[in-house]
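# Coordinates in review
Here is how the chains run, residue by residue.
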Amino acid sequence: MKLDVIKLDGSKAGSVELSEDLFGQEPRADILHRVVRWQRNNAQAGTHKVKTRSETSYSTKKIYRQKGTGGARHGDRNAPIFRGGGIYKGPVVRSHGHDLPKKFRKLGLKHALSAKAKAGELVVIEDAASEGKTAALAKQVKNLGWKRALVIDGTSVNEGFLKASRNIEGLDILPTMGANVYDILKRDTLVITKAGIEALEARLK
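Residues numbered from 1 in each chain as written. Predicted model: local features only at pLDDT ≥ 70, side-chain atom pairs only at ≥ 80, totals over all residues. Heavy atoms only, no water.

### Thoughts on the domain arrangement of the protein
In terms of domain boundaries, the protein breaks down into domain 1 (2–45 + 97–204) and domain 2 (49–92). In this structure, domain 1 and domain 2 have C-alpha centres spaced 55 Å apart. (Domains from an automatic or database assignment.)

This is the structure in structure tokens:
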């Protein structure tokens, strides 16, 4: 499939041939869902923790004698039945991450790229270069109509563009190796440089 290439000032800069394997697949919601879930679960801290009855700070003394009180039998105040006692089967520090085959992760990225291409939310630019001035880049972005955009560059990101884009709301830039399903789907517009296209094709071949 062919797509027009533009410059940051909006002028045309020819066209580019996009790989059908990367941008021409029929997007499947189940594949995208599994990859996004894998990403978000791996990002989850898992630092939730409650105190069990062995960790609460009460005395371990038996609160009253075993027999003759007319009440239920109890040991110390750390038991889960008492206010301030330990929590039974509460959350513990753990990893929420799970495995997902590398082939499936690659497939998910291809489907995410294809979903953007099919929805008409894919833009190819000649390069993501800037002098590092936020005001100038913000004006260009506004003129292009990008409200929530992700820019994917080649193997490395232009320092001037990165510096200029830092303070622009809704604009993010990643190198090719940082491209991922969650960030692509989260944005309204996916912007890829020509170098980014080549690097993605090399990464996902």
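Right, picking up where we left off after that structure.
### Observations regarding the side chain of Asp-153
Structurally, Asp-153 can be placed in the loop between strand S4 (149–152) and helix H5 (159–165). No salt bridge is formed by the buried Asp-153; its nearest oppositely charged neighbour, Lys-194, is found at 12 Å. Discounting residues that sit within four places of it in the chain, Asp-153 has contacts with Ala-128, Asn-158, Ile-173, Leu-174, Pro-175, Thr-176, Thr-193 and Gly-196. (Helix = DSSP H or I, 4+ residues; strand = E, 2+ residues; numbered from the N terminus. Buried < 20%, exposed > 50% of the residue type's maximum accessible area, 1.4 Å probe, protein only. Lys, Arg positive; Asp, Glu negative; His and termini not counted. Salt bridge = Lys/Arg side-chain N within 4 Å of Asp/Glu carboxyl O. Contact = heavy atoms within 4.5 Å.)

### A few points about the pairing of strand S3 (residues 122–125)
For a regular strand, the rule is simple: side chains alternate between the two faces of the sheet. Alternating residues of S3 divide into Leu-122 and Val-124 and Val-123 and Ile-125, and every residue in both groups is buried. Here 2 bridges tie strand S1 (residues 2–6) to S3, and the two strands are oriented parallel to one another. Residue Val-5 lies in a different strand from S3, and its bridge partner there is Val-124. Pairing of S3 with strand S6 (residues 189–193), which is carried by 4 bridges, proceeds in the parallel orientation. Across the sheet, residue Val-123 finds its bridge partner in S6, namely Val-191. (Pairing = 2+ DSSP bridges.)

### A short note on the nonpolar core
In terms of nonpolar packing, the biggest core is built from 29 residues, with Phe-23, Leu-113, Ile-184, Leu-190 and Ile-192 touching the most fellow members. Ranked by the residues each element gives to this core, the list is headed by helix H3 (residues 102–118), at 5 residues. Every residue in contact with Phe-23, bar those within four places of it in the chain, is listed here: Met-1, Leu-18, Leu-113, Ser-114, Ala-117, Leu-122, Ile-192 and Ile-197. Counting 17 residues, the second-largest nonpolar core is a separate cluster that includes Leu-8, Leu-137, Phe-161 and Ile-173. (Core = buried A, V, L, I, M, F, W, Y, C linked by side-chain atoms within 4.5 Å.)

### Observations concerning the pairing of S6
In terms of burial, S6 is largely enclosed, as 5 of its 5 residues are buried. Burial along S6 is two-sided: the residues Thr-189, Val-191 and Thr-193 and Leu-190 and Ile-192 are all buried. Examined bridge by bridge, S4 and S6 share 4 bridges and lie parallel to one another. Looking at S6, one finds that Ile-152 is bridged to Ile-192.

### What to know about the sheet that holds S3
Here we have 6 strands laid out as an open sheet, ordered S2-S1-S3-S6-S4-S5, and mixed in their pairing. Each of the sheet's edge strands pairs with one partner strand only, and the pair in question is strand S2 (12–17) and strand S5 (171–174). The average angle at which neighbouring strand axes cross in this sheet is 30°, direction not considered. Both S1 and S2 contribute to a ladder of 4 bridges, which runs antiparallel. (Axes fitted to C-alpha atoms, helices over the stretch in contact; angles between N-to-C directions.)

### Some remarks on the side chain of Gln-39
Assignment of secondary structure puts Gln-39 in helix H2 (residues 29–43). Setting aside residues up to four positions removed in sequence, Gln-39 forms contacts with Asn-180, Val-181 and Tyr-182.

### Overview of the pattern of salt bridges
Throughout the structure, instances matching the rule amount to 10 salt bridges. Salt-bridge contacts for Asp-21 lead to Lys-110; the nearest nitrogen and oxygen are separated by 3.0 Å. A residue pair is termed long-range when its members are at least 10 positions apart, and Asp-21 in helix H1 (residues 20–23) and Lys-110 in helix H3 qualify at 89 residues. A relative accessible area of 12% means that Lys-110 is categorised as buried. A salt bridge links Glu-26 to Lys-118; the nearest nitrogen and oxygen atoms lie 2.5 Å apart. Here Glu-26, found in the loop between H1 and H2, pairs with Lys-118, found in helix H3; they are 92 residues apart in sequence, far enough to count as distant. Taken together, the shared-partner salt bridges in this structure form one network comprising Asp-172, Asp-183 and Arg-187.

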